[in-house]
Amino acid sequence: MTNNRSIDEINQKINDGEANIYTAEEFKKLIRSDNAPSFEEVDVVTCGTCGVMSGTAAILNFIISPPGEFIRAREVYLNGVPAYAGPCPNEWLGSVDVIIYGTAHSIHDESYGGGFLFKDLLEGKEIDVRVESADGKTIENTITMADVTRAQIIGSRMAFKNYTAFTNPNKEEVSSIFAATPLEGNLRGLTFSGCGDLNPLQNDISQNVIKEGTKVLLNGTQGYILGNGTRSTAEKPNLMLSADLTEMDPYYIGGFKTGQGGEVYDTVAIPIPVLTEEIYNNLLVTDDMVDIPVSDIKGRHLPLDETDYGKLWGNYDLRPRYDDSNCLTCDKCAVEGICPTNAFSRGRLNLTYCFGCGMCANYCRHQSFRMNTGSVDLKINGKDVNVPIICRQSDRLRANKLSLKLKKMIENQEFRL
Ligand code: SF4
Ligand code: SF4
């Protein structure tokens, strides 16, 4: 591979305020309108993705009691979410090291889990902690982020290069982590993940720049690529990432309820410096060129048909509009029960929590929510069917926002390539 331009040259242009930096969204819009900047006219493209990323875990140290009260923690629960004590024993220090999985569920309520806990911590909320010690004591206390001395997120499988869409051709409903609620049978709806042509790995499929040591924005703060993630392959790559949890912005990380309990979502943005023509050519990918298999949610690896991200994202709405004049204040609000991020409560839509999944518009039977999430034409078992898209487990709005933040940070020299 010949380097047509060095990273030092791009950094010099950034210092001089002369670099041409685009977000992936801006760059794709120009491609679609036949106005794509040439190789010479683009220096950096900031790509992003946001979605459910099950490999997310946090390593935390916090003070739970004065020294000498217990020998060491054996079991630890934060808001009922079980954490793994250690590896350091912190003998007699009153301090605890734990590893918490974003996918761990509270012992009191399985729809609450690690993802919700990380957001609560970042929002400064009080967290109930219970420690069962090795010398038979129970220590109960509350902590906030101020009591956390160090916290780091490590994601073993993040930012995967797009994914699979699922539908349910069976008669009975199927419960899965790939749908916010059990997915009804008879092809009632389709659920999918992946930000299509905005995804960093989709824009650097040869991983010319996305590699071990590359700097990224993870949930709003600077982090690093540790390498490729678990189960990463050349066809379906993903990344292992790490950053300081205490510096993260709660908007970009949180819990996501699924048919199998609480999950966790994250947002990642990665700069692609346009060093070579090969890197530039890889950036020319658009949604309609990114195929995605549609599989049976039961069994997962039985492809039924294929579609592409152009058909899945289209120009459909990224957020719902709530019209309270249509709301019948039902005894049991269907939306409150199924909204995966708890964005709708007591007649109020919290757009900061909203993930744009589309479930509210598809499940409120009284049209209180308006959001066009589209539908897709498929051929399943020889039959032509049009299946409505009822749940998106990725959020392009957050991905775009973080990509824009990264662009501005590079321009302001707060983020060095
Ligand atoms: S289900 Fe729809 S109409 Fe009923 S309370 Fe919820 S938002 Fe209102
Ligand atoms: S789109 Fe609707 S159901 Fe989905 S997160 Fe937003 S408010 Fe909740």
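Residues numbered from 1 in each chain as written. Chains lettered and ligands numbered in written order. Predicted model: local features only at pLDDT ≥ 70, side-chain atom pairs only at ≥ 80, totals over all residues. Heavy atoms only, no water.

A. Spotlight on the site of ligand 2. Near ligand 2 lie 13 residues; those nearest to it are Cys339, Cys354, Phe355, Cys357 and Cys360. Because more than half of its atoms lie within 2 Å of the grid, ligand 2 is assigned to the largest cavity. Its residues assigned to classes, the shell around ligand 2 shows 10 nonpolar, 3 polar and no charged. (Near = heavy atom within 4 Å. 1 Å grid on protein atoms, 1.4 Å probe; cavity = no way out; pocket = protein on both sides within 12 Å on 5 of 7 lines; lining within 4 Å. Sits in = over half its atoms within 2 Å of the grid points. Nonpolar A, V, L, I, M, F, W, Y, C, P; charged D, E, K, R; others polar.)

B. Molecular detail of a nonpolar patch on the surface. On the surface, Ile59, Ile154, Tyr224 and Leu226 cluster together into a nonpolar patch covering about 320 Å² of accessible area. With respect to the secondary-structure elements, Ile154 resides in strand β9 (residues 148-158). Taking relative accessible area as the criterion, Ile154 reaches 31% and is therefore assigned partly exposed. (Patch = residues over 30% accessible without salt bridge, like charges linked within 9 Å, V, L, I, M, F, W, Y side chains within 5 Å. Areas by Shrake-Rupley, 256 points an atom, 1.4 Å probe, with all protein chains shown as cover. Salt bridge = Lys/Arg side-chain N within 4 Å of Asp/Glu carboxyl O. Helix = DSSP H or I, 4+ residues; strand = E, 2+ residues; numbered from the N terminus. Buried < 20%, exposed > 50% of the residue type's maximum accessible area, 1.4 Å probe, protein only.)

C. Focus on the nonpolar core. Counting residues in hydrophobic clusters, the biggest one holds 83 residues, and the most contacted among them are Leu60, Phe62, Val76, Leu78 and Leu245. In terms of residue count, strand β16 (residues 261-273) provides more of this core than any other element does, 6 residues in total. Each residue touching Leu60, except ones within four places of it in the same chain, is listed here: Leu78, Val96, Asp97, Val98, Ile100, Leu121, Val148, Arg150, Ala151 and Leu245. Within the second largest apolar cluster, 16 residues are counted, among which are Val290, Val294, Leu378 and Ile380. (Core = buried A, V, L, I, M, F, W, Y, C linked by side-chain atoms within 4.5 Å. Contact = heavy atoms within 4.5 Å.)

D. The environment of Ser156, seen in detail. Structurally, Ser156 is set in strand β9. Considered as a pair, Ser156 and Gly229 are 73 residues apart in the sequence and their alpha carbons are 5.3 Å apart. The contact partners of Ser156, leaving out residues within four places of it in the chain, are Gly55, Gly229, Thr230, Asn238, Leu239 and Met240.

E. Main features of the sheet that holds strand β18 (residues 303-308). Here 6 strands make up an open sheet; going across it, the order is β18-β17-β10-β11-β24-β23 and the pairing mixed. Pairing within the sheet leaves two strands with one partner each, and these edge strands are β18 and β23 (375-380). The mean inter-strand angle of the sheet, taken between neighbouring strand axes irrespective of direction, is 35 degrees. As judged from the 6 bridges shared by β23 and strand β24 (residues 383-392), these two strands associate in the antiparallel manner. Note on β24: the bridge partner recorded for Asp377 is Asn386. (Pairing = 2+ DSSP bridges. Axes fitted to C-alpha atoms, helices over the stretch in contact; angles between N-to-C directions.)

F. Seen up close, the site of ligand 1. Residues in contact with ligand 1, as listed here, are Cys327, Leu328, Thr329, Cys330, Cys333, Ala334, Phe344, Cys364, His366, Ser368 and Phe369. Here the shell around ligand 1 is composed, by residue class, of 8 nonpolar, 3 polar and no charged.

G. Representation of the environment of Val42. Tracing the chain through its elements places Val42 in the loop between α2 (24-32) and β2 (44-52). Judged by its relative accessible area of 0%, Val42 falls in the buried class. Linking Val42 and Phe27, residues 15 residues apart in sequence, is a C-alpha distance of 9.3 Å. Apart from the residues within four sequence positions on either side, Val42 is in contact with Arg5, Asn20, Tyr22, Phe27, Pro37, Val274 and Tyr280.

H. Looking closely at empty space enclosed by the protein. This structure, assessed with the given rule, holds 2 cavities of 30 Å³ or more. Taken as a whole, the largest cavity holds about 90 Å³ of empty space. If you trace the largest cavity, you find 15 residues lining it, with Cys339, Ala343, Cys354, Cys357 and Cys360 closest to the centre. Partitioned by chemical class, the residues of the lining of the largest cavity number 12 nonpolar, 3 polar and no charged. What lines the second largest cavity is Thr49, Cys50, Gly51, Val52, Met53, Phe160, Ser193, Gly194, Gln393 and Ser394. Across the lining of the second largest cavity, the residue classes break down as 4 nonpolar, 6 polar and no charged. (Points joined across faces, edges and corners; volume = space filled by probe spheres on them.)

I. Spotlight on the side chain of Ser368. Inspection of the secondary structure puts Ser368 in the loop between α7 (359-363) and β22 (369-370). A polar contact of 3.3 Å, which involves the side chain of Ser368, links it to the backbone nitrogen of Cys327. (Polar contact = N/O pair within 3.5 Å; in protein donor to acceptor, adjacent residues only side chain to side chain.)

J. A look at the pairing of strand β6 (residues 95-101). Burial within β6 is extensive, with 5 of its 7 residues counted as buried. As paired elements, strand β3 (residues 56-63) and β6 share 7 bridges and run antiparallel to each other. Its bridge partner being in β6, Ile63 is matched across the sheet by Ser95. The pairing of strand β5 (residues 81-85) with β6 spans 2 bridges and is antiparallel. Across the sheet, the residue bridging to Tyr84 is Ile99, located in β6.

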